[in-house]
Amino acid sequence: MKIVKNVGPKDKKIRLFLAFLFFVLSFLIPGLKVLFLILALVLVITSILGFCGLYAIFGINTSKKS
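Residues numbered from 1 in each chain as written. Predicted model: local features only at pLDDT ≥ 70, side-chain atom pairs only at ≥ 80, totals over all residues. Heavy atoms only, no water.

Undergrad: Before we go on, may I ask you to explain the environment of Gly-8 in this structure?
TA: Here Gly-8 is to be found in the segment before α1 (9-28). Between the C-alpha atoms of Gly-8 and Phe-22, which are 14 residues apart in sequence, the distance is 21 Å. Sequence-distant contacts of Gly-8, that is, excluding residues within four places in its chain, are made with Thr-62 and Ser-63. (Helix = DSSP H or I, 4+ residues; strand = E, 2+ residues; numbered from the N terminus. Contact = heavy atoms within 4.5 Å.)

Undergrad: Looking at this structure, how should I read the packing of α1 against helix α2 (residues 33-49)?
TA: A pair of packed helices is characterised by two quantities: the angle between their axes and the separation of those axes. Their axes nearest at 8 Å, the elements α1 and α2 cross at an angle of 160°. Taken as axis vectors, α1 and α2 run roughly antiparallel relative to one another. The two elements α1 and α2 cross, and the hand of that crossing is left-handed. Contact with α1, carried on its side by Lys-12, Arg-15, Leu-16, Leu-18, Ala-19, Phe-22, Phe-23, Leu-25, Ser-26 and Phe-27, involves Lys-33, Phe-36, Leu-37, Leu-39, Ala-40, Leu-43, Val-44, Thr-46 and Ser-47 of α2 and no other residues of that element. Considered class by class, the residues forming the contact of α1 with α2 number 13 nonpolar, 3 polar and 3 charged. (Axes fitted to C-alpha atoms, helices over the stretch in contact; angles between N-to-C directions. Parallel < 35°, antiparallel > 145°, perpendicular 65-115°, else oblique. Left-handed = near helix turned anticlockwise from the far one by under 90°. Nonpolar A, V, L, I, M, F, W, Y, C, P; charged D, E, K, R; others polar.)

Undergrad: Whenever I open this one, α1 confuses me. Can you help?
TA: Every α-helical turn comprises 3.6 residues, leaving residues that sit three or four positions apart pointing alike. For α1, with 20 residues, the first-to-last C-alpha span of 29 Å sits near the 28 Å given by 1.5 Å per residue. Considered for burial, the residues of α1 that qualify are Asp-11, Arg-15, Ala-19, Phe-22 and Ser-26. All buried residues of α1 fall inside an arc of 80° around its axis, so they share one side. Turned more than 90 degrees off the buried face of α1, the exposed positions are Pro-9, Lys-10, Lys-13, Phe-17, Phe-20, Phe-27 and Leu-28. Packing partners of the buried residues in α1 comprise α2 and α3 (53-58). (Expected span 1.5 Å × (residues − 1). Buried < 20%, exposed > 50% of the residue type's maximum accessible area, 1.4 Å probe, protein only. Arc of directions from axis to C-beta.)

Rendered as structure tokens:
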């Protein structure tokens, strides 16, 4: 099964920025550290792969290529 990329370049930049933000927040709010680190990791992985499972479920595609 081939993964169809559905995350565009602007979306990737936003995801990486949010991942960085969550990473920083994980140190500022220790009680939610694990949650913020998991969110950051998911955002980095979806950005690198160019595929988001939730986008696939809802039929969203921000990539220029289909």
